[in-house]
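# Inside the fold
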Amino acid sequence: MLFSTSLVAIVGAGDQPQLSPRRLQVLNTKTRQIICELNFVTAILKVLLNRKRMVVVMETKLHIYDISNMKILHTIDTSPNPRAICAFSPSTKNCFIAYPAGGTLPSAGAAGGAPGGPSGSGPASAGGSGDIFVFDALSLHTVNVIQAHKGAISAVAVSQDGTLLATASSKGTVIRVHTLPKASKSWTFRRGTYPAAILSLAFSVDSKFLCVASATGTVHIFKLDLGAAGGGGGSGSAGSTGSSGYGLVASYLPEVLSQVWEPARDFAHIKLPSPGVPVLCAITPTFSPPPAIEQVPSPSSTHSSTSSSSSQSSSSSSSSSSSSSSSSSLAPPSSSSSSSSSSSSSSTLSPVPSHSAPSSSPSGLKVLILTGDGF
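Here goes a summary of the coordinates provided. All values derive from a computational prediction rather than experimental measurement.

The next thing to look at is the pattern of salt bridges. Taken as a whole, this structure holds 3 salt bridges when the rule is applied. Two residues, R23 and E37, come together in a salt bridge whose shortest N-O distance is 2.5 Å. Taken together, the residues R23 in strand β2 (residues 23-28) and E37 in strand β3 (residues 33-39) connect sequence positions 14 residues apart. Its relative accessible area of 36% is what places E37 among the partly exposed residues. A salt bridge links K61 to D77, with the shortest nitrogen-to-oxygen separation between them at 2.6 Å. With K61 in strand β6 (residues 61-66) and D77 in strand β7 (residues 71-77), this pair connects stretches of sequence that are 16 residues apart. With relative accessibility at 26%, the residue K61 sits in the partly exposed group.

In structure tokens, the structure reads:
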């Protein structure tokens, strides 16, 4: 589904032609009409969308479509990717695709290998098994190759604004976060000591938290205190237990020693009742509702009982402790302002619109965890 719109991409999972895994239908659920229908030679493993592009992930190819007219724009030949490890930025400004290397580096060129496009472009160079290709879906060219891990990549995720990339290797003991697209900064988080398969990575909407689910039945939540980490492409300290001092020392140590030195671990974790099953996780901050705005009567409805003239009334009202006619603000009044008289004003505050942000700091976190064999 494209965010909360009525546009839905449907791929079948049966043996019938209408439910074939090689058939993609883009449906408008509001009008109940099929916008387009695409048939491929091999099975479709994943479909990713934002408001400008649609990415169809197959085992050895990535097809990029223009979502406005559903025309094929580009096809990328990838190394075998049976788990469909690929992340696509929801942002239309930083419209990046991140996928494992381990094969050939794609070059910009004509589209190919998909319905409605000519033969595609060939490879340019090779990448390592722990490298990540960052491809710009708007300009249709590779912008960077990030050396994320030494082992094979097992999971990737891109933040909502397309500025951060989280990666995990097949070992699963270390999670790394890189800035996009140039990876000028990177941070290291330690999930645990023993190896574990990483099943899911997810950023919060505000990119301040990272949720990691592993095959051992644990879900770890990391706090992304990215401002305290060191930059320049080196590993820095992050998390609630880390400090900038550790990151400074770790920048002068080899990679193996710096990972042991850095104390960046999760600040919360969840233990699932049944480990070993597929897991998808999502995290979002929760905000406290704003205080209600009280309606204050107009200044004409309050009078001083001891005044004998308009001049005496104005002087007595400024010195007396009777209730004033100033409008209440969103923040509750302080003790000092409640004990003394406040200045009178004839203007009243209008109610806060419903789309305004209730608070700048979250009051809690909500974690959504899906388990089962259906995905």
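With that settled, consider the sheet that holds strand β8 (residues 87-88). Across the sheet, 4 strands lie side by side as β8-β9-β12-β13; this open sheet has antiparallel pairing. If you trace the sheet from one side to the other, it starts and ends with β8 and β13 (141-147), each paired once. Pairing analysis gives 2 bridges linking β8 to strand β9 (residues 96-100), with the strands arranged antiparallel. Opposite F88, over in β9, you have I97 as the bridge partner.

Moving on, we come to the side chain of T78. Structurally, T78 can be placed in the loop between β7 and β8. Residue classification places T78 among the buried residues on the basis of a relative accessible area of 15%. Dropping the residues within four chain positions of it, T78 is found in contact with E59, T60, K61, L62 and Y99.

Over the atoms rolls a probe the size of a water molecule, and its path tells where empty space is left. Empty space within the largest pocket amounts to approximately 1600 Å³. Where the lining of the largest pocket is concerned, the elements lending two or more residues are β1 (7-11), β4 (46-49), β8, β14 (153-158), β18 (198-203), β23 (279-286) and β24 (364-371). The element that contributes the greatest number of residues to the lining of the largest pocket is β18, accounting for 6 residues. The class makeup of the residues in the lining of the largest pocket is 36 nonpolar, 3 polar and 2 charged.

This part takes up a nonpolar patch on the surface. A surface patch of nonpolar side chains, amounting to about 270 Å² of accessible area, comprises L280, L368 and L370. Mapped onto the secondary structure, L368 falls in strand β24.

The next subject is the pairing of β6. With 5 of 6 residues buried, β6 lies mostly within the body of the structure. As paired elements, strand β5 (residues 53-57) and β6 share 5 bridges and run antiparallel to each other. By the bridge assignment, V56 is partnered in β6 with H63. Counting the residues between successive antiparallel strands, the hairpin from β5 to β6 contains 3 residues. The sheet contact formed by β6 and β7 spans 6 bridges and is antiparallel. The residue bridging Y65 from the neighbouring strand is I72, located in β7. Remark: 4 residues form the turn of the hairpin made by β6 and β7, two consecutive strands paired antiparallel; M70 in that turn has positive phi of roughly 60°.

The rules we used
- Residues numbered from 1 in each chain as written.
- Predicted model: local features only at pLDDT ≥ 70, side-chain atom pairs only at ≥ 80, totals over all residues.
- Heavy atoms only, no water.
- Salt bridge = Lys/Arg side-chain N within 4 Å of Asp/Glu carboxyl O.
- Helix = DSSP H or I, 4+ residues; strand = E, 2+ residues; numbered from the N terminus.
- Buried < 20%, exposed > 50% of the residue type's maximum accessible area, 1.4 Å probe, protein only.
- Pairing = 2+ DSSP bridges.
- Contact = heavy atoms within 4.5 Å.
- 1 Å grid on protein atoms, 1.4 Å probe; cavity = no way out; pocket = protein on both sides within 12 Å on 5 of 7 lines; lining within 4 Å.
- Points joined across faces, edges and corners; volume = space filled by probe spheres on them.
- Nonpolar A, V, L, I, M, F, W, Y, C, P; charged D, E, K, R; others polar.
- Patch = residues over 30% accessible without salt bridge, like charges linked within 9 Å, V, L, I, M, F, W, Y side chains within 5 Å.
- Areas by Shrake-Rupley, 256 points an atom, 1.4 Å probe, with all protein chains shown as cover.

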